[in-house]
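Structure assessment
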Amino acid sequence: MKQYRWPDEKGHFGPYGGKFVPETLMAPLTELEEAYRQVAKSAIFKKEFHYYLQEYAGRPTPLYFAQRLSQELRLRVYLKREDLCHTGAHKINNTVGQALLAQKMRKKRIIAETGAGQHGVATATVAALFGIRCEIYMGEEDIHRQALNVFRMKLLGAKVHSVQSGTRTLKDAMNEAIRDWVTNVDTTYYLIGSVAGPHPYPMMVRDFQSVIGKEVRKQIVKKEGKLPDALMACVGGGSNAMGLFYPFIEDKQVRMIGVEAGGLGLHSGKHGASLERGRPGILHGTRSYVLQDSSGQIHPAHSISAGLDYPGVGPELSFLKDEGRMEVDNVTDSEALEGLHYLAEMEGIIPALETAHAVAYLKKRARQFKEESVVVVNLSGRGDKDVQSVAALEEKK
Amino acid sequence: MKGLQRIDLAFTATKNRNEAALIAFLTAGHPDLAMTERLVLSLSEAGADLIELGIPFSDPLADGPVIQRSSQLALEKGFSIDSIPELVYRLRRKIVTPLLLMSYCNPILSQGLDRFLKTIAEVEVDGLIIPDLTLEESATLHKKCAENGLALVMLVAPTSPPERIEALAKATTGFLYTVSLKGVTGSRQTLPAGVIPFLRQVKKLSPQPVAIGFGLSKPEQVSEVSQIADGVVVGSAFVKLVDRYGRLSPMIVSTLAKRLKKATRR
C-alpha cells in the first residue's frame, strides 16, 4: 500500500468507520475532532506527550530478543515489551495522550469503559496524575474475572460502576459509558480505550498507540539491520495491533498478522473472532466487522480473556483485512492458556491472557515461516491480573 | 394514501384542529407480538395520531432502562425483525394511523437495505426513525427512502448548533424529531430546563413539522410543549404500563393515551 492516507475527512477507512451516534453526541465529537487536530500539529503537545511517555510510563520499552524461543522455533523472535509499561500494558500510551487532550479541553470528569480492566486502570492512573475525576464502567461478569484490576482502580481513586445490562461484559460497559456521555456531555470526556467507536477515536487512539510501531522500527533496524518479516499482535478491539502495525503499513514486505480469540473454537459459535466470523455492521458508533445474528442482533462474544471478549473490532483493521494487507488467524482458549505457560517457562515472562493469544499463534504456526525469519510479537500486557483466574481454571481440570 | 403523504396529512389534520399530534411509542414484541397488535389498535382508537414501533436491539445505547428492558424481554421471547411486515400487514387492515419504525442502524442494515425498504413500504409502514443515523451518514438512506415513498425522520438535540438544526430540518422528511434533553429515553419528573426556548428555536428554523420527545410522560408536560410543538412523542410511559399490567395493559394504555391526547389541545 503506497501512500496510506486513511481515514478520510469523514472518518472512513474505505467502507468502514464513520460516525453512527445519537445527534446529541455530534457536537462533542466535532469539538473533540477540532481539539485533536490542533494538538496533533502542535510541537508543544508532542513534547509534553513524549515527556510523560518517557518519564512516567517508562518508554521506550525494550525490543527483547527472545533467545530460547528463537532457538526452539528456529526463528528470530523479538518481543516488544509493552508489559513493562507503567500499569502493565500498552493501554497507558493512549490514556496519557487523551488525558492531556481532556485537560486542554478543560473537561472536569473522565469516563471510560473497560473489559480486562487494563484500560480502566490506565485511565484511573492518568486521571490521578492530572487530578481529574474518573468513573469507569465495567461489566459485572468482568468485575468477577478481573478482581485485582477493580481493586487497583479503586486505589487510584476512580469510581467503578458495575454494568448489569445485556451480557455484562465489555460491549455493555461501552453502551453504559456512551449513555453517561450523552447525559453529561458538557463536563465529561469519554476516553475510549480501543481503536473503535465513532470518528475521531479510531484514528486518535491509533496515533497515540503508534509509538509502539515507531519504536520497533528503530530498534529492529539497529538490531537486525532490516525491517522485520512479520508482526504479530492479538486483536480484540485492536489498539495494540494498530499501534504496532500502523508505522509499517506502507512496507508491504512486512507481514501483519492479527490473532483473534478463538474461544471454544470457531465452529462452537463461542469466540471473539469478529474479523473471521463477523459481518460488516454498526456497533458503538462505527461501521466494522461485527458478530451478529441474521436479524442484526449483536451476538455475544466469548473469550477466556476479558480484553478480547468483544463482538466488534476497529474499522481500520476491518479495512486492512479486506484490502488483504493484514492476515487474520485465531487461537482457542486452551491454546492461549498453553501460550501463557510456554512464555512463562521459556522466557520467564508471564503474559496477559490477551497477549498469550499472540504467543500461542507464534508457537502454533512457527513452522509456516521460513527459518530465521525475523518476527516481532507485541507483548501487549503482563499477566499478573490473570494469575488468580488461571489458577482457578487449572484447579477445575 | 400512504407513506410520507399519510404522515403529512396527520400533521395537517391536527394543526387544523388546533392541537399537537400525539405520537405514541411501543416496543414491538413486548411482551409478545399479539399484544403489540392489540396495543397499537387501542392506542389508535384512543386518539394517538401517529404510532412508532420500536425494533428491539441488543445494544440500544440511546435508551434508558425501561426501553432497554422491554427490548431485552422481546428478544428473549424470540422477536425478529422478520416479523414486522406481517404485524404491520395485519394492522393495516384495521387502522390508517401513520406507523413509523424506530430502529438502530444495525438491524435494518442486516436485512439488506433495498429489500427491507421495499418490503415495509409494501405493507404500508410510513417512515423510519433511526436514532444512531447521523446526517453525515444518511445520504444513501434518504435517497432510498424517498424512492419508496417512506419518511426518514432526523433528530435534533440540545447540543446541535443552529446551522446544524437548519441542515437537519432541510434533510428530514415527515417531521423533525427534537430530543428534549441531554440524555437517554425515559420519563422525567419535570420538563427539562431550557426546553421551551430550545423548542421555539427549532420551530423557527424548521419548515417541517416539529415533534418533541424524550422524558415526556405526564399530561401537564405534554400540555406545555403542545403550545409550541406540532407533535409530542411519549414512549417509556406506555412501555412501563405494558410491563406492569400485562394482559390488562391495552385498557390502561388507552386511558393514558386519551388523557395525553386531551393535553395536546391548545
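Refer to the structure printed above.
Residues numbered from 1 in each chain as written. Chains lettered and ligands numbered in written order. Predicted model: local features only at pLDDT ≥ 70, side-chain atom pairs only at ≥ 80, totals over all residues. Heavy atoms only, no water.

1. Comments concerning the nonpolar core
In terms of nonpolar packing, the biggest core is built from 86 residues, with Leu101(A), Tyr189(A), Tyr190(A), Phe245(A) and Leu317(A) touching the most fellow members. The element that contributes the greatest number of residues to this core is helix H8 (residues 170-183) of chain A, accounting for seven residues. Filtering out sequence-adjacent residues up to four positions away, Phe245(A) remains in contact with Leu231(A), Met232(A), Ala233(A), Met256(A), Ile257(A), Gly258(A), Leu317(A) and Met326(A). The next biggest cluster of nonpolar side chains, apart from the first, holds 71 residues, and it includes Phe20(A), Ile81(B), Val232(B) and Ala263(B). (Core = buried A, V, L, I, M, F, W, Y, C linked by side-chain atoms within 4.5 Å. Buried < 20%, exposed > 50% of the residue type's maximum accessible area, 1.4 Å probe, protein only. Helix = DSSP H or I, 4+ residues; strand = E, 2+ residues; numbered from the N terminus. Contact = heavy atoms within 4.5 Å.)

2. Section: the sheet that holds strand E5 (residues 109-114) of chain A
Residues and elements named next belong to chain A. The sheet built from four strands is open, its strands ordered E7-E6-E5-E8 with parallel pairing. Of all the strands in the sheet, the pair left with one neighbour each is strand E7 (159-163) and strand E8 (188-190). Across the sheet, the mean angle from the axis of one strand to that of its neighbour is 25°, orientation sign disregarded. In this structure, strand E6 (residues 133-139) lies alongside E7, joined through five bridges in parallel fashion. Looking across to E7, one finds that isoleucine 136 is bridged to valine 160. Along the sheet face, helix H4 (residues 91-104) touches E5 and E8 and points at about 155° away from the line of E8. (Pairing = 2+ DSSP bridges. Axes fitted to C-alpha atoms, helices over the stretch in contact; angles between N-to-C directions.)

3. Focus: helix H9 (residues 195-205) of chain B
All names here are of chain B. Residues Val195, Ile196, Phe198, Leu199 and Val202 constitute the buried set of H9. Buried positions in H9, seen along its axis, are confined to an arc of 160° and lie on one side of it. Away from its buried face by more than 90 degrees, H9 exposes Pro197, Arg200 and Lys204. On its buried side, H9 packs onto strand E5 (151-156), helix H8 (162-171), strand E6 (176-179), strand E7 (210-213) and helix H10 (219-226). (Arc of directions from axis to C-beta.)

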